[in-house]
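Reading the structure
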Amino acid sequence: MHPPLPLKHQKMLSCKMCCSDPCPALPMLSLKCICILHTRKEEMILKLIKKILFLFMTVLGILGNMSVSVNYMFSWWGSPEKKPVHLILIHLAFTNTVILLAKGLPKTIVAFGLSNFLDDSGCKIIVYLERVAHGLSLCASSLLTVVQAIIISPRTSGWRMLRPKSAWHILPFFLFFWLFSALISMNLIHSITSTRLNISQFKSDSNNCYFMLPSQKIKGIVLPLMVLRDAVFQGAMGGASGYMVFLLYKHHQHVLYLQNSKLLYRTPPELRAAQSVLLLMLCFVFFYWTDCAFSLILSLSSRDNTLMVNPRELLTLGYATFSPLVLIHRDGLLVERWHVQWEKLRKCLLFICSTRKKKLSVLHYCG
């Protein structure tokens, strides 16, 4: 017994049959054919939009994260004071780049028509790296919020005692995050396979890799760990964000008092950095919980939700793409430093060109 044809192939077959029927007494079939052709046109437009969005988000996110990473590396090596926040931002930009390379790049390649280009080992590596990087992004974002809240806390506060005395004190947290995320994602190595296999239920138009349901024993171990990780780190992120909002509100009241007293006051850089971190956390919370809502709807719905799968795939790339843009927009020094570096490069190129012209003129004169 042959397996049933996919819905898209059934539509194409019926379209060919009704369009090739010479009988003029079948207006209903002709109308059905027109509707199917209109549906195919809509699918082509949606595929084009999908190509543009995946390519735009992947390229923009990679360039933005590379810019943020290089900028804070320059600040790290060029400044005598090594700031822990800069080290966390470098790590966050790196994990976002891994997400875009492991998730966005394959999705972009599939959107442009090259399907089944990954073998079984490639699927395992790509999906595993993506899952580990997503966990690291959550952990790094939470650590960034907590550290920034401790930095701006008052000197009389007990939280001030937890302030890292050196940026190198952050490295053990990174090691723990990597080990924990790598261990709880280990089950994917046995649950992921390539759609190159000639098995009908593995076939997919938008994925190279197929996720096989794990056993109940593995699910009972991995799922509680993932829920515990998300709950703990998002709880810490929410508590630290609320504490920063309280401190920023007190600072705002203090500024209003000084303005009424006609005294000049400049906002400390730590508070400006806290505002940037809060905006970054709002970005993370929006994309995380919107993705969770889409996942819940897809899991509970029994209908064909192809139109909802594509937005969900874009949402998984949202934080990795737009978080560096938030930092670039909030940190005016980033644009200024790149402008300074560009001016240095331009002067260097002009100097090289002028030197080469002088050598050519000397050689021409001597000749």
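Residues numbered from 1 in each chain as written. Predicted model: local features only at pLDDT ≥ 70, side-chain atom pairs only at ≥ 80, totals over all residues. Heavy atoms only, no water.

By the naming in an unreviewed UniProt entry, the protein chain is Vomeronasal type-1 receptor, taken from Mus caroli. Reading the Sequence similarities (unreviewed entry) entry of the UniProt record for the protein chain gives the comment "Belongs to the G-protein coupled receptor 1 family." The annotation that UniProt attaches to the protein chain under Subcellular location (unreviewed entry) is "Cell membrane". (UniProt positions renumbered as here; feature names shortened; annotations may be inferred.)

Comments concerning the packing of helix α3 (residues 84–111) against helix α5 (residues 171–184)
Between two packed helices, both the angle of their axes relative to each other and the distance between the axes serve to describe the pair. Between α3 and α5, the shortest axis-to-axis distance is 11 Å and the interhelical angle comes to 25°. Relative to α5, the element α3 lies roughly parallel. Handedness of the α3/α5 crossing: right-handed. For the pair α3 and α5, contact is made by L87, I88, H91 and F94 and by L171, F174 and W178, respectively. (Axes fitted to C-alpha atoms, helices over the stretch in contact; angles between N-to-C directions. Helix = DSSP H or I, 4+ residues; strand = E, 2+ residues; numbered from the N terminus. Parallel < 35°, antiparallel > 145°, perpendicular 65-115°, else oblique. Left-handed = near helix turned anticlockwise from the far one by under 90°. Contact = heavy atoms within 4.5 Å.)

Here we look at empty space enclosed by the protein
Using the criterion set out here, one finds 1 cavity of 30 Å³ or more in the structure. A volume near 40 Å³ is recorded for the largest cavity. If you go around the largest cavity, the residues you meet are N65, V68, L89, L92, A93, N96, S323, P324 and L327. In terms of residues, the lining of the largest cavity owes the most to one element, α3, which gives 4 residues. The residue inventory of the lining of the largest cavity, partitioned by class, reads 6 nonpolar, 3 polar and no charged. (1 Å grid on protein atoms, 1.4 Å probe; cavity = no way out; pocket = protein on both sides within 12 Å on 5 of 7 lines; lining within 4 Å. Points joined across faces, edges and corners; volume = space filled by probe spheres on them. Nonpolar A, V, L, I, M, F, W, Y, C, P; charged D, E, K, R; others polar.)

What to know about the side chain of T145
By the element assignment, T145 lies in helix α4 (residues 120–151). The buried category is assigned to T145, whose relative accessible area is 0%. There is a polar contact of 2.8 Å between the side chain of T145 and the backbone oxygen of S141. Among all residues touching T145, those that are not within four sequence positions of it are M237, A240, S241, M244, V277 and M281. (Buried < 20%, exposed > 50% of the residue type's maximum accessible area, 1.4 Å probe, protein only. Polar contact = N/O pair within 3.5 Å; in protein donor to acceptor, adjacent residues only side chain to side chain.)

Things to note about the UniProt feature "transmembrane region" (unreviewed entry) in the protein chain
In the numbering used here, UniProt assigns the "transmembrane region" (unreviewed entry) feature to residues 52–73, 85–102, 135–154, 166–189, 231–249 and 270–289. With 85% helix and 0% strand, the stretch residues 135–154 has end C-alpha atoms that lie 31 Å from each other.

Some thoughts on a nonpolar patch on the surface
Taken together, I45, L46, I49 and L53 make up a surface patch of nonpolar side chains, about 320 Å² in accessible area. For L46, a relative accessible area of 44% gives the class partly exposed. (Patch = residues over 30% accessible without salt bridge, like charges linked within 9 Å, V, L, I, M, F, W, Y side chains within 5 Å. Areas by Shrake-Rupley, 256 points an atom, 1.4 Å probe, with all protein chains shown as cover. Salt bridge = Lys/Arg side-chain N within 4 Å of Asp/Glu carboxyl O.)

What to know about α3
Compared with the 40 Å implied by 1.5 Å per residue over 28 residues, the 39 Å span of α3 between its first and last C-alpha is a close match. In terms of burial, α3 is a largely internal element, 23 of the 28 residues being buried. Of the residues trailing α3, G113 is marked for its positive phi of about 100°. (Expected span 1.5 Å × (residues − 1).)

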